[in-house]
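Spelled out from the first residue to the last, the chains are:
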Protein chains: 4
Amino acid sequence: MKHSFKSDYCELAHPSVLAALSAVGNAQFEGYGLDEYTQSAAELIRLKAAAPDAEVHFISGGTQLNLVLISAALRPHEAVISPESGHISVHETGAIEATGHKICTAKSKDGKLRAADIEAIIEAHSDEHMVSPKLVYISQSTETGQVYTKAELSAIADTCRRNALYLFVDGARIGAAVNSPDCDLDYADIAEAADAFYIGGTKNGALFGEALVICNKTLKTDFRSILKQRGALLSKGAAIGIQFEALMKDGLFETNASHANAMALKMANGITEAGYELLFPAQTNIIIPLFPNDAIQTLRQQYDFYDFEKTRTITSVRLVTSWATPERKVDEFLEDLRNIKQ
Amino acid sequence: MKHSFKSDYCELAHPSVLAALSAVGNAQFEGYGLDEYTQSAAELIRLKAAAPDAEVHFISGGTQLNLVLISAALRPHEAVISPESGHISVHETGAIEATGHKICTAKSKDGKLRAADIEAIIEAHSDEHMVSPKLVYISQSTETGQVYTKAELSAIADTCRRNALYLFVDGARIGAAVNSPDCDLDYADIAEAADAFYIGGTKNGALFGEALVICNKTLKTDFRSILKQRGALLSKGAAIGIQFEALMKDGLFETNASHANAMALKMANGITEAGYELLFPAQTNIIIPLFPNDAIQTLRQQYDFYDFEKTRTITSVRLVTSWATPERKVDEFLEDLRNIKQ
Amino acid sequence: MKHSFKSDYCELAHPSVLAALSAVGNAQFEGYGLDEYTQSAAELIRLKAAAPDAEVHFISGGTQLNLVLISAALRPHEAVISPESGHISVHETGAIEATGHKICTAKSKDGKLRAADIEAIIEAHSDEHMVSPKLVYISQSTETGQVYTKAELSAIADTCRRNALYLFVDGARIGAAVNSPDCDLDYADIAEAADAFYIGGTKNGALFGEALVICNKTLKTDFRSILKQRGALLSKGAAIGIQFEALMKDGLFETNASHANAMALKMANGITEAGYELLFPAQTNIIIPLFPNDAIQTLRQQYDFYDFEKTRTITSVRLVTSWATPERKVDEFLEDLRNIKQ
Amino acid sequence: MKHSFKSDYCELAHPSVLAALSAVGNAQFEGYGLDEYTQSAAELIRLKAAAPDAEVHFISGGTQLNLVLISAALRPHEAVISPESGHISVHETGAIEATGHKICTAKSKDGKLRAADIEAIIEAHSDEHMVSPKLVYISQSTETGQVYTKAELSAIADTCRRNALYLFVDGARIGAAVNSPDCDLDYADIAEAADAFYIGGTKNGALFGEALVICNKTLKTDFRSILKQRGALLSKGAAIGIQFEALMKDGLFETNASHANAMALKMANGITEAGYELLFPAQTNIIIPLFPNDAIQTLRQQYDFYDFEKTRTITSVRLVTSWATPERKVDEFLEDLRNIKQ
C-alpha cells in the first residue's frame with residue numbers, strides 16, 4: 001500500500017473522538033443541536049476564542065458552511081472579495097454563485113489577500129451597474145499552507161471596517177495555522193478581527209464537522225433558519241457536538257495540529273537538505289516542493305500526492321500531513337528521496 | 001429522566017455502526033466517496049433494490065438530499081407536486097424554493113398523495129403563465145406513519161409516466177415502511193416505480209447519513225457536481241459509506257426498523273385496549289392517538305412527545321419509536337396510561 | 001372583427017401618451033432613469049400620493065416589478081403571504097420562488113386577504129424548520145375586480161405593523177380601484193398603509209410601464225442595484241418617465257380609469273337587468289357574470305373573453321373593459337345578450 | 001446644451017418607429033407577443049438571418065435578455081465563459097450569478113475572446129469540484145467597438161461545437177458590427193455560428209426592445225415559460241413587435257447603424273489627422289482616442305463623454321455616436337479639437 005500525502009482527510013477520526021461517540025450509548029438527547037454535548041462544545045469554543053457572546057454552529061462540511069454563512073450575510077446585489085485561489089472561487093463548483101452572489105477575485109501567488117487588494121476592488125465597483133462587495137473571504141491557513149500574521153490580519157480587518165465589509169475567515173485548517181511556529185496570533189485574535197470564522201474539524205481529527213463562530217451580532221439573526229434551509233441543520237446535531245467536545249477538551253485539537261505541522265516541517269527540512277527547493281516557506285501541514293519530473297515518477301511508486309503546477313521538466317507537488325501521519329512514513333519518504341540520483 | 005417518544009433521531013447510533021467506524025483505525029482511504037467502503041455499501045444497496053444500474057450517493061441529511069436531487073432534476077420553470085403535509089413543503093424552511101422552484105400541493109389528511117391529485121394539478125397548470133409540474137414527491141412512510149401499498153404506488157408511477165413527471169420517494173423512514181406488516185412492497189418495487197428514492201440511515205441506526213438511489217439515467221448526469229455545489233459531497237464520504245455497509249450487512253437495517261415498528265404496534269394495541277382511538281391505523285413506527293388533555297398532562301410528567309393537532313378537550317399526539325426504544329419503556333407507558341382515570 | 005373583453009392590455013396606448021413620446025424628437029437625455037422626464041413624473045406621483053419622501057422607480061412590467069421588490073425586501077428564509085389567487089402565486093410562473101422565496105397562501109373566494117388570514121399564517125410558522133413570513137402581498141383591485149376599503153386596508157396594515165411584516169400593494173389596476181365608486185381610499189391612504197405599492201401604467205393607458213412607490217426607508221437601500229441585477233433598469237428609462245408624466249398631468253390617469261370603470265358598470269347593470277347574476281359586485285373594470293353555456297357560445301361569435309369557472313351548464317366569465325373600450329361596444333354586447341332567449 | 005457622446009441610448013427613438021406605434025390607434029391585439037405585428041417582425045428577422053426555423057422573442061432590455069437566455073440554457077453547476085470585460089461580467093450587477101451561475105473570464109485587451117481562451121478555460125475545469133463551462137458569451141461588436149471577423153467567429157464556433165458548448169452572441173450593437181466596413185459577416189453567418197444571438201433595438205433606433213434569435217432547438221424548449229418567470233414576457237408584447245417591424249422594413253435598421261458608424265469614422269479620421277491616437281482601430285460607432293488631460297478638460301465644456309482609462313497625463317475616452325448623431329456636431333467637435341493647442 002502506498003502512503004498518501006494527498007490531503008489531511010485521508011484518515012477517518014482520532015480514536016478519542018470515536019471513543020467519545022461510543023461512550024454515549026443509547027442515551028437520548030434533543031435534536032437539531034439543542035443537546036447538552038453541543039452546548040458544551042460551543043462553550044469550550046467560546047472560551048478558547050475569548051468570545052463569550054459568539055454564536056457557535058456545527059456544520060457537516062466546509063463548502064456547506066461557506067455557502068450558508070455567505071448567503072446569510074449578503075443582500076442579492078452584494079458580492080464577496082476573495083483571493084483568486086480561494087477555495088470558494090475555484091473548488092466549490094460555484095456554490096456561492098449558486099446562492100446568487102458574485103465573487104470578485106484578486107490575483108495572489110501565495111493565496112493571501114492583502115489590504116490593498118481589497119481597496120482596489122472596492123474602488124473598481126463604483127455604481128449600481130456593478131455588484132457591491134460586502135464580505136471579504138480569506139483562509140487561515142491558505143491553500144498553499146501559508147499563514148496570515150497578526151499585522152496582516154489587522155490590516156485586512158481595518159480595511160474591512162473602514163469600508164463596512166464583513167470579514168470571514170475560512171478555518172478548514174485553522175488548527176495548523178494557529179499552531180504554526182510562524183503564526184503570532186491565536187483564536188482570540190481571529191475572533192476579534194473577524195465577523196465570523198470557523199474551526200475545521202474534518203481535517204484535524206474529527207470524523208466530520210466544522211464549528212462556525214459568529215462574532216458579529218447582525219450575522220446571528222435567524223441563522224438557524226438559514227442553516228435549516230440549506231440542509232445544514234442535522235437532526236442529530238449531537239453527532240458533531242460530541243466530537244468537538246472531545247477535540248476541545250485536554251488540548252486534543254492543538255495536539256493534532258501540532259503533530260501534522262511537525263511532520264510537514266520535518267519533510268520540508270529533509271527536502272531542502274536533499275537539495276530541492278520549496279515554492280513557499282514551510283509554515284503549516286502543507287508544503288509544496290519542486291522536483292524533477294523523473295524524481296516524481298519514482299516517488300509516485302511509493303506515495304500518493306497531487307501535482308501543484310506542472311511543467312515539462314520540473315513540477316511542484318503538494319504534500320499534506322495530518323494528525324495521523326506516522327513519523328516513520330516521513331522518514332521513509334526522505335530516505336527514498338535521497339536515494340534518487342539528481 | 002423522561003423517556004422521549006418525540007422522534008426516531010433521539011439516540012446516537014447502533015453499536016454495530018460505531019464499531020464499524022472504530023474498526024477502520026488509521027487506515028487511509030480516498031476522499032469524496034471514492035473509497036472502497038462507500039463502493040461496497042453502494043453495491044449492497046443496488047443488490048437490495050435489484051437495481052444493478054442505479055447510482056448511489058451518500059448524503060449527510062434528508063433536507064440536503066431533497067434539495068440536491070430536486071434542484072438537479074428541474075429546469076427553472078419546473079415545479080414539484082407534493083402532498084400539503086410533505087416534509088419539503090412544511091418543515092424544510094423553504095429549501096426547495098431557495099433553489100428556485102415552486103411546490104404545488106394537494107390536500108391530504110393522511111399525508112398520502114393520490115394519482116387523481118397529480119392529474120388535477122397537471123390540468124390546472126396549462127400555460128406559460130404557470131409553473132410546469134415536473135416531479136412528484138411522496139414519502140414512504142408518510143409523516144403520519146402511513147404506507148403506500150403496491151397498488152397505490154403503481155397508480156402514481158403510471159400517472160407520472162403518462163405525464164412525463166419524475167417520481168421521487170423520500171425514504172427518511174423507508175425501513176419502517178418496507179418492514180411494516182401493512183406494506184406489500186419492497187425496495188425493488190420502489191426502485192422500479194421511482195426515478196429516485198432514498199434509504200434513510202439517520203432515523204434507523206446510523207450516526208448520520210442517507211443513501212440516495214438514482215434509477216433514471218437522465219437524473220444521473222453530472223450529479224456529483226451538483227452534490228459538491230450544494231455542499232453535500234463530504235470529503236470524508238467514507239464516514240457514511242462505512243455506516244451503510246454495516247447497516248446493509250447481516251440485515252441490521254431491517255432488524256432496526258422491525259424493532260421500531262414492533263414497539264409502536266405494541267403501544268398502539270395497548271392504547272386501543274385502554275379505550276383510546278388512533279387518528280390513523282398503526283402501520284409503522286409513528287402512531288397518533290387521541291387523548292384527553294388532562295391525560296396528556298399526566299403523561300408529560302414521564303414522557304416527551306409532540307402534539308399533532310390540539311383542541312380544547314382532546315388532542316392527538318405523535319408517538320415515535322426507534323431501533324433503540326426499550327420494550328420496558330413501552331410497557332411503562334401503557335401501565336401509566338391505564339392508571340389514568342378516564 | 002370580434003371585440004375583445006379579454007383584458008385591459010389589448011389596446012396599445014392613449015394618444016396623449018404617444019404624443020408625449022413623439023414630442024421629444026431627438027433631444028438627448030441622461031440614461032437609466034436619471035433624466036428630467038422621469039424625475040418630473042416621480043415628483044407628480046409623490047404629490048399625488050402625498051408621500052414627499054417616497055422613492056419612485058419605473059419598471060417595464062408587473063411581474064418584473066413584483067420580483068424585484070420582493071427579492072429586495074427578504075432575507076433567504078423569509079416568505080410572502082398572499083391570497084391563494086394572488087397573481088404572484090398563480091400567474092407568474094414561479095417568479096418569486098425563482099428568487100428563492102416561498103409564498104404562503106390563504107384561501108379567499110373574492111381574492112381579498114383578511115387580517116385574520118395573516119394572523120393564522122404567522123401563528124402556523126413558529127420555528128426554524130419553517131419559513132418566516134415577512135411580507136404581505138395584496139392587489140388593489142383584486143383579480144376579481146374587488147376593492148379593499150379603508151377599514152380593510154387599515155386592519156391589514158395594523159396586523160403587519162404588529163408582526164413586523166412589510167405590506168406591499170400590487171397596483172396593476174390601482175387606477176380602477178381608486179376611481180371606483182365603492183372605494184373610500186385614495187393614493188395617499190395606500191401610501192400611508194403600505195411599505196411599497198405600485199401604480200400600473202400598462203393597463204391604464206401607457207404603452208408599457210409601472211411606477212413603484214417605496215415608502216419604507218429600509219426598502220429603498222441600494223434599490224437601483226437590485227433593479228439593474230434583475231434586468232429592470234432600462235437604459236432609456238425616459239421612455240417610461242415621459243409616459244407617466246403624460247398620464248399624471250391633467251388627470252389623464254384618473255380619466256382613463258374612470259372610463260373603464262363606467263363601461264364595466266354599464267355592462268354589469270345591463271347584465272343584471274337582462275336577468276343574469278354576477279359572481280361579485282361590480283366595483284371596477286372587471287366583472288364576472290354567470291351565463292348559461294349556450295348563451296356563452298352565442299356571445300363568443302362576436303366577443304372575446306375568458307372563462308372564469310366552467311361547469312357543465314352555467315359558466316362564469318371574466319369581462320374586462322379599458323380606457324379605450326368604446327361605449328358602442330358595450331351597448332352592442334348588451335343588445336346581443338338581450339337577444340339571446342333564456 | 002452640451003452634446004453627449006456618452007452612449008447610443010441618449011435619444012429616444014427614430015421618428016418612423018414612433019410613427020408606427022401611433023399608426024396602430026385603438027386597434028386591439030392579442031397579448032404576450034401573440035399578436036400579428038410581433039409575428040411579422042419575427043418573420044422579417046428570420047428572413048434577414050436566413051434562419052427559417054429560428055425562434056424570435058422580443059425582450060425589453062439587454063441585461064434581462066442575457067439573464068433569461070443564459071439561465072434557461074444551463075443546469076445548476078454549469079458556467080459561462082466570457083471575456084473579462086464582457087458586459088455580463090462587469091456591468092450587470094451580477095445578474096448571471098443571481099440566477100445561480102458562475103462566469104469564467106479570460107483576459108482580453110480589446111474585449112474579444114479567442115478560441116484558445118476557451119480551450120484554456122475548459123482544460124482548467126476538469127472535475128466535479130469545479131463548475132462545468134457550458135456556454136460561451138461574446139459581444140458583436142465589443143464594448144470597445146471591435147468586430148469579430150468571419151474567421152474569428154468560425155474558430156470560436158468550432159471550438160464550441162468540439163466541446164459541446166453553446167455559443168451566445170450579445171448583439172446590443174450588432175447593427176453597428178454588421179454594417180462596419182471591417183466586418184465580413186452578416187446576420188446569416190452569425191445565425192449559423194451561434195446557438196442564439198440578439199439584435200439590439202434600444203441602441204439602434206427603437207424606443208426600447210431587443211430581438212432574441214434562438215437557433216438551437218434545445219434552447220427553444222419552454223422558453224416562453226422562462227421569459228414569464230423572469231418578468232420578461234410583456235403583456236403588450238406588440239409594443240416591441242411594432243417597433244421591430246418598422247426597423248426591419250425598408251432597411252431602417254441598417255441605415256441607422258451605417259449612419260452611426262459613418263459619424264464615428266469621420267470623428268476618428270479627424271482625430272488622427274489632428275495628431276491624436278486611437279486605442280483601437282475605428283470599426284463601428286465607438287471610438288476610444290487618447291487625449292492629454294487638459295485637452296479633455298476643454299472638450300468637456302462642450303461635450304459629454306466617459307473616460308475609458310485615466311492616467312495622470314493622458315486619458316483614453318470613449319466617444320459613441322448613434323443613428324441620431326448630427327454630422328454638424330461631429331464637425332464642431334473636430335473643429336474644437338483642432339483649436340486646442342497641443
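Residues numbered from 1 in each chain as written. Chains lettered and ligands numbered in written order. Predicted model: local features only at pLDDT ≥ 70, side-chain atom pairs only at ≥ 80, totals over all residues. Heavy atoms only, no water.

What follows deals with the interface of chain C and chain B. The interface of chain C with chain B comprises 17 residues on the first partner and 17 residues on the second. At the boundary of chain C with chain B, total buried surface from both sides reaches about 1400 Å², with 53% on carbon and sulfur atoms. Its largest share of buried area at the contact with chain B, chain C owes to T93, E97 and K102 of chain C, together 39% of the area lost on that side. Taken together, the links from chain C to chain B amount to two salt bridges. (Contact = heavy atoms within 4.5 Å. Buried area = accessible area lost by both parts, 1.4 Å probe. Salt bridge = Lys/Arg side-chain N within 4 Å of Asp/Glu carboxyl O.)

On to the relation of the copies chain C and chain B, then. Each copy of the sequence occupies a distinct position, and chain C is placed on chain B by a rotation of 180° and an axial shift of 0.0 Å, giving an RMSD of 0.0 Å. What the superposition gives is, in effect, a two-fold axis relating one chain to the other. Residue by residue, 100% of the interface of chain C is reproduced at the interface of chain B, so both copies engage with the same surface. (Least-squares fit on C-alpha atoms with pLDDT ≥ 70 in both.)

So, about the sheet that holds strand β7 (residues 196-200) of chain B. Residues and elements named next belong to chain B. Sheet architecture is open: seven strands sit in the order β2-β8-β7-β6-β5-β3-β4, paired in mixed fashion. The open sheet has two edge strands with one neighbour each: β2 (55-59) and β4 (103-106). Strand after strand, the sheet turns through a mean of 25° between neighbouring axes, direction not considered. Relative to strand β5 (residues 132-139), strand β3 (residues 78-83) runs parallel, the two being bridged by four bridges. Considered in β5, the bridge of E78 is made with S132. Packing against the sheet, helix α3 (residues 62-73) makes contact with β2, β3, β5, β6 (166-170), β7 and β8 (210-214), and its axis sits at approximately 175° to β6. (Pairing = 2+ DSSP bridges. Helix = DSSP H or I, 4+ residues; strand = E, 2+ residues; numbered from the N terminus. Axes fitted to C-alpha atoms, helices over the stretch in contact; angles between N-to-C directions.)

Attention now moves to the sheet that holds strand β3 (residues 78-83) of chain C. All names here are of chain C. If you walk across this open sheet you meet the seven strands as β2-β8-β7-β6-β5-β3-β4, and the pairing is mixed. Both outer strands of the open sheet, β2 (55-59) and β4 (103-106), are each paired with one neighbouring strand and no more. Across the sheet, the axes of successive neighbouring strands diverge by a mean angle of 25°, strand direction being ignored. As judged from the five bridges shared by strand β7 (residues 196-200) and strand β8 (residues 210-214), these two strands associate in the antiparallel manner. Among the inter-strand pairings, A196 is bridged to a residue of β8, identified as I214. The sheet strands contacting helix α6 (residues 115-124) are β3, β4 and β5 (132-139), and the helix crosses β4 at an angle near 130°. Contacts from helix α7 (residues 150-162) reach β5 and β6 (166-170), with the element oriented near 145° to β6.

Moving on to the state of the cysteines. Throughout the structure, instances matching the rule amount to zero disulfides over all chains. Among the cysteines around C215 of chain A, which has no disulfide bond, C160 of chain A carries the closest sulfur, lying 13 Å off. Since its relative accessible area comes to 23%, C215 of chain A is described here as partly exposed. Cysteine C104 of chain D is unpaired, with the sulfur of C160 of chain D as its nearest cysteine sulfur at 13 Å. A residue is classified by how much of its surface remains accessible, and C104 of chain D, at 6% relative accessible area, is buried. (Disulfide = S-S within 2.5 Å. Buried < 20%, exposed > 50% of the residue type's maximum accessible area, 1.4 Å probe, protein only.)

Facing 49 residues of chain B, the contacting portion of chain A comprises 49 residues. Summed over both sides, the interface of chain B with chain A buries roughly 4000 Å², with 54% coming from carbon and sulfur. The salt bridge partner of E30 of chain B is K6 of chain A, with a shortest N-O separation of 3.2 Å. Summed over the shared surface of chain B and chain A, the result is 22 residue pairs in polar contact (both at pLDDT 80 or more). For the side of chain B that touches chain A, the elements supplying multiple residues, two or more each, are β1 (3-4), α1 (15-23), α3, α5 (95-98), α11 (223-229) and α12 (238-248) of chain B. The class makeup of the residues in the side of chain B that touches chain A is 21 nonpolar, 19 polar and nine charged. (Polar contact = N/O pair within 3.5 Å; in protein donor to acceptor, adjacent residues only side chain to side chain. Nonpolar A, V, L, I, M, F, W, Y, C, P; charged D, E, K, R; others polar.)

So, on to the relation of the copies chain B and chain A. The transformation that overlays chain B on chain A combines an axial shift of 0.0 Å with a rotation of 180°, and the residual RMSD is 0.0 Å. Both copies present the same face, since 100% of the interface residues in chain B are matched by interface residues at the equivalent positions in chain A.

With that out of the way, let us pick up the pattern of salt bridges. In the structure shown here, the tally under the stated rule is 80 salt bridges over all chains. Residues K266 of chain C and E327 of chain C are paired through a salt bridge, measuring 2.6 Å at the closest nitrogen-oxygen approach. Highlighted residues: K266 of chain C in helix α13 (residues 252-273) and E327 of chain C in helix α15 (residues 327-339), separated in sequence by 61 residues. Residue K266 of chain C is classed as partly exposed on the basis of its relative accessible area of 30%. Overall, the relative accessible area of 39% leaves E327 of chain C in the partly exposed class. Here E335 of chain D and R338 of chain D are joined by a salt bridge, their closest N and O atoms 3.3 Å apart.

All names here are of chain B. As defined by bridge partners, strand β13 (residues 306-309) adjoins strand β14 (residues 314-320) across three bridges and the pair is classed as antiparallel. Paired with Y306 across the two strands is R318, which belongs to β14. In this structure, the hairpin formed by β13 and β14 is closed by a connection of four residues.

Quick look at the confidence of the model for chain A now. Residues at a pLDDT of 70 or more form 100% of chain A, whose mean pLDDT is 97. Predicted as a complex, the structure gets a pTM of 0.97 and an ipTM equal to 0.97. (pLDDT = per-residue confidence, 0-100.)

So, about unusual backbone geometry. In this structure, S141 of chain A follows Q140 of chain A across a cis peptide bond, with omega equal to -5°. Tracing the backbone through its elements, the reader meets S141 of chain A in the loop between β5 (132-139) and α7 (150-162). A positive phi angle, close to 60°, is found at Y32 of chain A, a residue other than glycine. For Y32 of chain A, the location among the structural elements is in the loop between α1 (15-23) and α2 (36-48). Positive phi is not limited to glycine here, since D250 of chain C has a value of about 60°. With respect to the helices and strands, the residue D250 of chain C is situated in the loop between α12 (238-248) and α13. On the basis of relative accessibility, which here comes to 78%, the residue D250 of chain C falls in the exposed class.

All right, on to the side chain of S89 of chain B then. Secondary-structure assignment places S89 of chain B in helix α4 (residues 87-90). A relative accessible area of 12% places S89 of chain B in the buried class. Other than its neighbours up to four places away in sequence, S89 of chain B contacts S82, P83, E84, I103 and T105 of chain B together with K102 of chain C.

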